[in-house]
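Coordinates in review
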Amino acid sequence: MTDSQKTINHQHDVLIIGSGAAGLGLALRLADHASVAVISKNELAEGSTYYAQGGISAVLKPTDSFDSHIEDTMNAGVGLCDPEAVKFTVEHAPDNIQWLIDLGVPFTTDQHQNGQRDFHLTREGGHSHRRVIHAADATGKALSTTLVNHARHHQNIELFENHIAIDVITGKKLRQKDNRVYGAYILNRDTDKVETFKAKFVILATGGANKVYLYTTNPDGSTGDGIAIAWRAGCEVANMEFMQFHPTCLYHPEAKSFLITEAVRGEGGKLLLPNGERFMDRFDSRGELAPRDIVARAIDHEIKRLGTDFVYLDISHKSAAFIKSHFPTIHQRCLEFGYDMTKEPIPVVPAAHYTCGGVKTDLNGRTNIEGLYAIGETAFTGLHGANRMASNSILECLVFAESTCKHILSQLNSDSPKPDIPNWDESQVTDSDEEVVVTHNWHELRQFMWDYVGIVRTDKRLARAKSRVDLLLNEIGEYYGNFKVTNDLIELRNLAVVADLIIQSAIARKESRGLHYSLDYPEAESNMPAHNTVLSPQTK
Ligand SMILES: Cc1cc2nc3c(=O)[nH]c(=O)nc-3n(C[C@H](O)[C@H](O)[C@H](O)COP(=O)(O)OP(=O)(O)OC[C@H]3O[C@@H](n4cnc5c(N)ncnc54)[C@H](O)[C@@H]3O)c2cc1C
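Being a predicted model, the structure only gives us computed values, none of them experimental.

The rules we used
Residues numbered from 1 in each chain as written. Predicted model: local features only at pLDDT ≥ 70, side-chain atom pairs only at ≥ 80, totals over all residues. Heavy atoms only, no water. Near = heavy atom within 4 Å. Polar contact = N/O pair within 3.5 Å; in protein donor to acceptor, adjacent residues only side chain to side chain. Areas by Shrake-Rupley, 256 points an atom, 1.4 Å probe, with all protein chains shown as cover. Helix = DSSP H or I, 4+ residues; strand = E, 2+ residues; numbered from the N terminus. 1 Å grid on protein atoms, 1.4 Å probe; cavity = no way out; pocket = protein on both sides within 12 Å on 5 of 7 lines; lining within 4 Å. Points joined across faces, edges and corners; volume = space filled by probe spheres on them. Nonpolar A, V, L, I, M, F, W, Y, C, P; charged D, E, K, R; others polar. Phe/Tyr/Trp six-rings, centres within 6.5 Å; stacked < 30°, edge-to-face > 60°. Buried < 20%, exposed > 50% of the residue type's maximum accessible area, 1.4 Å probe, protein only. Lys NZ or Arg CZ within 6 Å of the ring centre and 35° of its normal.

Around the ligand sit 37 residues in total, of which T49, G55, D225, E377 and S393 are the nearest. At 3.1 Å from a nitrogen atom of the ligand is found a main-chain nitrogen or oxygen belonging to K41. Taking A165, its main chain carries an N or O atom lying 2.8 Å from a nitrogen atom of the ligand. Protein chains shield 98% of the accessible area of the ligand, which is 1,000 Å² for the free molecule. Elements with a minimum of two residues in the shell around the ligand: α1 (21-30), α2 (48-51), β9 (163-170), β16 (346-355) and α11 (393-411).

Set out below in structure tokens:
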């Protein structure tokens, strides 16, 4: 065997797939006690975490209370939040914020009249108090940069950038009787070789699946890889119909859905029709501060009613100094596209933003496969219910990274089998001669998901989407079986799986609730208790 044919094997205590707030948050907590590998399919910072603008919610003032944060979260979730998960997250929030402050995240402060400095808190949609701690309007960048810096300097953390996970290795795949995870097969994108990573614990922290839609606020890598990997491995997946569309992204052909944070509305920004008329009061008494699903649907309604492509967001009544100091990134970015938000309204449109469903876990991040955990946007913990409240998501990443860390450390020294793991077998596949199949299917999938499974759904549209995704799943499955894996093929295969899970879940829900709105069932089901949509690969 030549050197280039040899398979590279790695061994760590813990393998973390994903380097966002969830993945690096966990790695940093574990690393003093265990050897940790962190896998990232792009550069470490390239995930949704980096792009977060608004901030992180937590009860940080005596005028606020856990009860209030819990109540707001439950209200946003429209009857589907798990009260235990909400309480758990809210009560662990202040300590996790302190952990970030101790790591050096440069949160924005305010100077009081007595000269004392305090953290500045904003208020976002659905929150009844100011409780969102932030670093100006680039919280994710500050957070991500801090976490990456610490991870790069920790000797127990080995970082693998440009490596993409294909699938986890389980007892079932090794034809063993147990239900454990043993590691993962990972494609090294620099060498095009698949490497074997062995570990006693594997964590899926791969972010959301919003790239399944044509318009999204998310970076290109949000292809639902962890959800698809878990599904193929035999994990339950829940509530995938609840995809959150952010109401306000900058409308511009070259802006690639640049997000305009909720905080602009929180600080008094008004939504306007092209004729300058305000319209949110017609849809909800909270006006522009109504939860995101209501605002997104209202904008979608007005855009379709008027046959326009966008509405306007206007904060120009505030002083230029206020706007520039609170929203420096957005102000700068809008200027690049020819809009001065200190002087004029800016055009905005909704785009897919957050995946509320995901891999079903308990409060310790555990899936139904032993040793396999899911945290962050990949996971379904029960926190968000039918709709995520703004700024609760990074919080969820941090809180569940902490509880997962505690659980893993409690199991670290327990015995587990060490089966022989075969190398990745490429003997039956060749290089693809038709890359166009991948690019064509990628576009087709995202277009029909946008048209048929978007903000407003019907039975007919969902049935159309289901027949199309079934065709794609077959075609991609065949292609995957014949050709060498590439980054694009791995992502497309995963996108098709998550699209199917979203469609199946949306078809199963015969009501409108939170983020799932159907013209055929416009009301929430009132005769039965609200239920989660749990899909299980075993029963498929
Ligand atoms: C524009 C924007 C603004 C937002 N603003 C806020 C906000 O203000 N407050 C808030 O709470 N939330 C906000 N959110 C949501 C929040 O940022 C995300 O939910 C959260 O950061 C997700 O963190 P994560 O660690 O789960 O995933 P991510 O940060 O997305 O990280 C995923 C990681 O997994 C890696 N990965 C994925 N697949 C693979 C694979 N197959 N193999 C190897 N690596 C893989 C990626 O490379 C990346 O490192 C915002 C999101 C966006 C897009």
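For the rest of this paragraph, the subject is empty space enclosed by the protein. Following the criterion strictly, the structure yields three cavities of 30 Å³ or more and no others. The volume enclosed by the largest cavity comes to roughly 70 Å³. If you go around the largest cavity, the residues you meet are Q53, G54, T122, H134, A136, D137, T261, A263, E267, H326 and F327. Counted by class, the lining of the largest cavity contains three nonpolar, six polar and two charged residues. As a volume, the second largest cavity reaches approximately 50 Å³. Taken together, M243, F245, D293, A296, R297, I455 and L515 make up the lining of the second largest cavity. The leading source of residues in the lining of the second largest cavity is helix α8 (residues 292-306), at three residues. Broken down by class, the residue content of the lining of the second largest cavity amounts to five nonpolar, no polar and two charged.

Before going further, it helps to spend a moment on the packing of aromatic side chains. By the definition in use, this model includes 14 aromatic pairs. Plain terms: the ring middles of F107 and F119 are 6.3 Å apart, the flat faces sit at 90° to each other, and that makes the pair edge-to-face. Placement of the pair is F107 in the loop between α4 (83-103) and β4 (109-111) and F119 in strand β5 (residues 117-119), with a sequence separation of 12 residues. Owing to a relative accessible area of 6%, F107 belongs among the buried residues under this scheme. The aromatic ring of F258 is capped on one face by R333, whose charged end is 5.3 Å from the ring centroid. Sitting above the plane of the Y452 ring, R464 keeps its charged end 5.7 Å from the centroid.

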